[in-house]
Amino acid sequence: LSSPAPSARVFPRSTTVPFFPPTMAGEVVATAFIPAPAASSLAGSAMASPPVLETSAWQAPAVQTSSMARSSMAIAATVGAGVSVAVGAGARRRRQAKRGKAGKNGRVLVAAVDTDIEAQAAEGKVQNEEVEIPALAAEDDLVSLWDVVQRNGMAGVPDSFDGIRHEEETAQDRVFSWLGKGPKPESECFQSLQKFFPGALPGSAVHLRSRAVLEKEFGFTPANTLLGTSFCPDEINNRSNNVATLMRRYWGKVFPMGGISGTPFVGETGFVAFSSHVPDDGNIIVVFGPHVGISEEGEVGQYLREGQSGNSTACGAVIGAYNACLSGFDGAPSEDGEYDMQMDEIKQEFVPHAEAISKSENPMAAAAYVAYEMVKDRTLKIVNTKFGSGKLVLIGGIQLNMPFPDYADHFLPLMFEVRQEGQPTQDLMKHFVNPSIQQDLMRAPWAAVTAQREVFAWLTWSPPAISPVYRTLHQYFPGALPGRAVHERLVKVLERYGFDGDNTIMGTSVCPDEINNEADDLPVIMQDYWGEVFPMGGISGAPFTGKTGFKAFSSHVADEGHIIVMFGPHVAISESGEVGNCLRAGQSAASTACGAVIGAYKACQAGWEPSADSTAYDMQMDWIKAQIAPHVNGIARSENPMASLSHQSYHMVKDKIMQCVNNDFGSGYLCLIGGIQINLPLGLEDHFLPCTFEIR
């Protein structure tokens, strides 16, 4: 009675169910977000009676942040030449922002006051999901996370790494750990990562953020862009989750310029040859940097390679050069210089820095920063913008090899520039910073309310928080996640039960609509990972192959192997936030999705009744109509009939799945992952609302 009355501006909330590793084979292992009891009034929806299971694979504990909860950066550190960094003065920063005070760098940033953001969003004035923190008064001697990272890259050999970033946990940290991309905040690996390389991000985050700005603001496409890389050829820099590998997969073919240490030893001649291949009026991206390993125990410079029982150095060339200098190397060319030119140059670079490195708090981390300056210096010497009218993008930083396969490799971005002949250089480093998800949860607990959504939006996986799509998605499908987030959580859980690509076969029961077969759709992502698939679904997603189909499918499983069945209906959300409508590629007007389910609902509203005299051959549609007919009146009375219809359709598909599947195929596990596939507008990744996740 003392709470605010509901309004159109209040989003449904989801309860927080922490994830605990399952302990019993055959138990229910996870559930989707469990909505609060009064989260929705949709009739006949999945929210009316959610599966209340023991654990949750889909929710990172307390990481769902309100999109409007924007506040100051949270980091306090002393890095490099004694620069003090502090955080958390939210109210003071807001007052300073309103007065228009500038920070040390002279920039006046956008004030991020909750009520101001909401008002601007309502008026349609906010165009981007990124809102920078208010600028600070010069006398406060406070700087942002980006200033800390920038100083790390510019200071040569940091005197100390005294920051407290490693003592903090942000919403971003929690989500990356939850997805299996980053180490747990309390781990030694996390401590080293954030203490010595504050601002480091998973390679996928760097790729997605850079790709988003280059495509939206500068018109880059794979067709008009060439990619060059300058990294050490160490095989651990060629894993699937490295930033260079991810960028190559998206942008296309690559011109590798780097030798050992990452230095672009191809030189000016190599860049001239590479840049001559650019399309007419096309662009070039060059991503570069040294690499360094971080072990599970948090030791910088150490990496446990596959098949080995003990750690080895990474980067071996950089660490070897540093050790040689400590042992008396004076810069004179070695006798084998002609046959070891790259190593000789690296050692010569480290001669003037070796003593300072040895006196730093962490010599291996300090050596990585010196190596970055070396690679950056050589890169800037060989690149130019004389290849045409296009743009040259430079993305530089330190590649961080994390323990494999537990975590994704990270990248500490230290340079992100766009250059063009005759034009001033543009610094884009701000695109790697998002204050609202990078503040300390201890000091800013409000940031842990719904930060998961905001992290996904920042990664470009989800729609911007101020968009109609976002509002509709989270109002009527609370708990929906990007397809790849569902997949990565699924893999992390199933690995504990022994599922792998060799002993697992996969079946799907989703509508054959082509918009469910795009690269970012959960069924496609899962098939790419698990292998060949047995499609059981017909229109609506119901498993019309029936018991016979599942029996045939399950007979193909490996001895003592496992089965995954992913199922559910689908529904679209248009750019204006309308549920059930989708603008398909090449069409000028929206069409329905799912057309079969919506068509059945409308037929029932018009008075459809089953008839034994029908001569039409449409048994799947007739079955769908029969399932929808008893619920038509309740669906029509709901707040959003199309949303309610999709939830009712989920129950329809699930009920049929449960009648078809069994564990008679052997001693392995049967995993059921069910929910609602949500098709978002072109340019946004499709989502999935997980409602069932069971192991039998």
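Computed from a prediction, not measured in an experiment: that's the story for all the values here.

1. Section: the packing of helix H9 (residues 316-326) against helix H10 (residues 341-350)
Here's step 1: Closest axis-to-axis distance for the H9/H10 pair is 9 Å, and the angle between their directions is 55°. As the angle between them shows, H9 and H10 are arranged oblique. The two elements H9 and H10 cross, and the hand of that crossing is right-handed. Contacts from Ala317, Val318, Gly320, Ala321, Tyr322, Ala324 and Cys325 in H9 reach Met343, Ile346, Lys347 and Phe350 in H10.
Here's step 2: Grouping the constituent residues of the contact of H9 with H10 by class yields 9 nonpolar, 1 polar and 1 charged.

2. A closer look at the packing of aromatic side chains
Here's step 1: By the definition in use, this model includes 16 aromatic pairs.
Here's step 2: Seen from their ring centres, Phe544 and Trp623 are 5.4 Å apart, and the 85° between their planes marks the pair as edge-to-face. Pair noted here: Phe544 is in the loop between strand S15 (533-535) and helix H17 (546-554) and Trp623 is in helix H19 (residues 619-628), with a separation of 79 residues, a long-range link.
Here's step 3: The exposure class assigned to Phe544 is partly exposed, which follows from its relative accessible area of 24%.
Here's step 4: Residue Trp623 is classed as partly exposed on the basis of its relative accessible area, which comes to 22%.
Here's step 5: If you follow Arg239 out to its NZ or CZ, it ends over the ring of Phe404, 3.8 Å from the centre.
Here's step 6: Here the guanidinium or amino end of Lys347 rests over the ring plane of Phe329, the centre of that ring lying 4.8 Å away.

3. Structural notes on unusual backbone geometry
Here's step 1: Of the consecutive residues Ala314 and Cys315, the connecting peptide bond is found in the cis state with omega at 5°.
Here's step 2: The residue Cys315 is located in the loop between strand S9 (312-313) and H9 in this model.
Here's step 3: The backbone of Asp281 shows a phi angle near 60°, a positive value even though the residue is not glycine.
Here's step 4: Tracing the sequence through the fold places Asp281 in the loop between helix H8 (267-275) and strand S6 (283-288).
Here's step 5: Exposure remark for Asp281: the relative accessible area of 60% places this residue in the exposed category.

4. Some remarks on the pairing of strand S4 (residues 225-230)
Here's step 1: The element S4 is extensively covered by neighbouring structure, given that 6 of its 6 residues are classed as buried.
Here's step 2: Of the two faces of S4, both are covered, the one formed by Thr225, Leu227 and Thr229 as well as the one formed by Leu226, Gly228 and Ser230.
Here's step 3: Bridge analysis of S4 against S6 gives 6 bridges, and the strand direction is parallel. Residue pairing in the sheet places Thr225 in a bridge with Asn283 of S6.
Here's step 4: Of the pairings in the sheet, the one linking S4 to strand S5 (residues 254-256) comprises 3 bridges and is parallel in character. Within the sheet, the bridge partner assigned to Gly228 lies in S5 and is Phe255.
Here's step 5: The parallel pair S4 and S5, bridged by helix H7 (residues 243-251), forms a crossover whose chirality is right-handed.

5. Digging into the pattern of salt bridges
Should their charged atoms come close, side chains of opposite charge can pair.
Here's step 1: Applying the stated rule across the entire model yields 22 salt bridges.
Here's step 2: A salt bridge links Arg305 to Glu235; the shortest N-O distance between them is 3.2 Å. Here Glu235 lies in the loop between S4 and H7 and Arg305 lies in the loop between strand S8 (302-303) and S9, a separation of 70 residues in the sequence.
Here's step 3: Glu235 sits in the exposed class, given a relative accessible area of 52%.
Here's step 4: The residue Glu694 makes a salt bridge to Arg696 at a minimum N-O spacing of 3.2 Å.
Here's step 5: We classify Glu694 as buried; its relative accessible area is 13%.
Here's step 6: Connected through salt bridges with shared partners, the residues Glu345, Glu349, Asp377, Arg378 and Lys381 form a single ionic network.

6. Observations concerning the environment of Val455
Here's step 1: Mapped onto the elements of the fold, Val455 is located in helix H13 (residues 451-458).
Here's step 2: Considered as a pair, Val455 and Asp173 are 282 residues apart in the sequence and their alpha carbons are 9.9 Å apart.
Here's step 3: In this view, Val455 contacts Ala171, Gln172, Val175, Phe176 and Ile437; residues no more than four positions away in its chain are not counted.

7. Overview of the confidence of the model for the protein
Here's step 1: Here the protein averages 80 in pLDDT, while 76% of its residues score no lower than 70.
Here's step 2: The low-confidence segment residues 6-55 (pLDDT under 50) makes 117 contacts with residues lying over four places distant or belonging to another chain.
Here's step 3: Low pLDDT, under 50, characterises residues 62-156; the predicted model gives this stretch 227 contacts beyond four residues in sequence or across chains.

8. Considering the nonpolar core
Here's step 1: By size, the foremost hydrophobic cluster in this structure holds 56 residues, and its most contacted members are Leu214, Ile285, Phe416, Leu494, Phe499, Met526 and Trp530.
Here's step 2: In contact with Phe416, not counting residues within four places along its chain, are Ser210, Val213, Leu214, Val393, Leu394, Ile395, Gln426, Asp427, Leu428, Met429 and Phe432.
Here's step 3: Core analysis: the second largest hydrophobic core is formed by 53 residues, Ala200, Val278, Ile357 and Tyr369 among them.

9. Topic: the side chain of Ser204
Here's step 1: Within the secondary structure, Ser204 sits in helix H6 (residues 203-218).
Here's step 2: Side chain to side chain, Ser204 and Lys181 meet in a polar contact 3.4 Å long.
Here's step 3: Ser204 has contacts with Lys181 and Leu246, leaving out every residue within four places of it along the chain.

10. Quick word on the pairing of strand S14 (residues 504-509)
Within a regular beta strand, the side chains point alternately toward one face of the sheet and then the other, so they alternate between its two faces.
Here's step 1: For S14, the buried fraction is high: 6 of the 6 residues fall into the buried class.
Here's step 2: Burial along S14 is two-sided: the residues Thr504, Met506 and Thr508 and Ile505, Gly507 and Ser509 are all buried.
Here's step 3: The pairing of S14 with S15 spans 3 bridges and is classified as parallel. Pairing of Thr508 across the sheet is with Pro535, part of S15.

Scoring rules and cut-offs
Residues numbered from 1 in each chain as written. Predicted model: local features only at pLDDT ≥ 70, side-chain atom pairs only at ≥ 80, totals over all residues. Heavy atoms only, no water. Axes fitted to C-alpha atoms, helices over the stretch in contact; angles between N-to-C directions. Helix = DSSP H or I, 4+ residues; strand = E, 2+ residues; numbered from the N terminus. Parallel < 35°, antiparallel > 145°, perpendicular 65-115°, else oblique. Left-handed = near helix turned anticlockwise from the far one by under 90°. Contact = heavy atoms within 4.5 Å. Nonpolar A, V, L, I, M, F, W, Y, C, P; charged D, E, K, R; others polar. Phe/Tyr/Trp six-rings, centres within 6.5 Å; stacked < 30°, edge-to-face > 60°. Buried < 20%, exposed > 50% of the residue type's maximum accessible area, 1.4 Å probe, protein only. Lys NZ or Arg CZ within 6 Å of the ring centre and 35° of its normal. Pairing = 2+ DSSP bridges. Right-handed = clockwise from strand over helix to strand, strands pointing away. Salt bridge = Lys/Arg side-chain N within 4 Å of Asp/Glu carboxyl O. pLDDT = per-residue confidence, 0-100. Core = buried A, V, L, I, M, F, W, Y, C linked by side-chain atoms within 4.5 Å. Polar contact = N/O pair within 3.5 Å; in protein donor to acceptor, adjacent residues only side chain to side chain.

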